[in-house]
Amino acid sequence: MQISVKKPEINPAHFIAIIGGALVNAFIIGGVWVSLNRDIADLRSSQDRTQKALDATAQQVSQIAPLSFQTTRALEAGAENKKAIELTNARIDRVAESIGGKLDTAIDSINKVSTQVQVLSSKFEDNQGRPDKTLFRTPVVRP
């Protein structure tokens, strides 16, 4: 027995349907292709924006260490300045106390001088015009 294959006949309606189906499939595949290309372009632009944001973040993060060091140094300098101000205040207090003591000494000396001048002045006024009534008795010494 021999096998015979019957060739299908292609009539114009089948031919137009096959061509139409091929065109519809091509149109759908083209639409999917364009859509995929558009999605890929969107993903790439999104990736570029994300990369730029990461670069900016990395740049800002890289500044944290120097800024942290500068902040720490500023705090240390502030503490040093505070300590220096306290020491300066202590020295100024000692100078003010010594000046106060010296002023007290000077005022006491000036008061003593003025008191002595007043006493000398009153003695001088008391002895004017009067004879000295003091009697000095000296013992007689025989040789």
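Sequence order as written defines residue numbering, which begins from 1 separately in each chain. pLDDT decides what is reported in this predicted model: residues at 70 or higher carry local features, side-chain atom pairs at 80 or more are listed and counted, and totals for whole chains, interfaces and linings draw on all residues regardless. As a convention, hydrogens and water are excluded, and side-chain values are obtained from all of the structure's heavy atoms.

(A) Just the overall build of the protein chain, in detail. For the protein chain, the helix and strand inventory stands at two helices and zero strands. Residue burial is assigned from relative accessible area. The probe radius is 1.4 Å, only protein chains are included, and a residue is buried under 20% of its type maximum, exposed over 50%, and partly exposed in between. The buried share of the protein chain, taken over its 143 residues, is 0%. Throughout, the Shrake-Rupley method with a 1.4 Å probe supplies accessible areas, and for residues the shown protein chains are the sole cover considered. In the structure as shown, the protein chain presents an accessible area of about 13900 Å², 63% of it carried by carbon and sulfur atoms. Helix numbers and strand numbers start at the N terminus; a helix is a DSSP run of H or I with at least 4 residues, a strand a run of E with at least 2.

(B) Just the pattern of salt bridges, in detail. What counts as a salt bridge is simple: a side-chain nitrogen of Lys or Arg found within 4 Å of a carboxyl oxygen of Asp or Glu. Here the structure, examined in full by the defined rule, presents two salt bridges. Among the ionic pairs, Arg73 bridges to Glu76, the shortest N-O distance being 3.4 Å. You can see Arg73 and its partner Glu76 sitting in helix α2 (residues 64-126), three residues apart, about one turn around the helix. Given the relative accessible area of 37%, Arg73 is considered partly exposed.

(C) The arrangement of a nonpolar patch on the surface in detail. Among the surface-exposed residues, Val24, Phe27, Ile28, Val32, Leu36 and Ile40 lie close enough to one another that they form a single nonpolar patch of about 590 Å² accessible area. In this fold, Leu36 is placed in helix α1 (residues 12-62). For Leu36, a relative accessible area of 45% corresponds to the partly exposed category. Each patch is built from salt-bridge-free residues with over 30% relative accessible area, joining like charges within 9 Å and nonpolar side chains (Val, Leu, Ile, Met, Phe, Trp, Tyr) within 5 Å.

Structural measurements only, silent on function.
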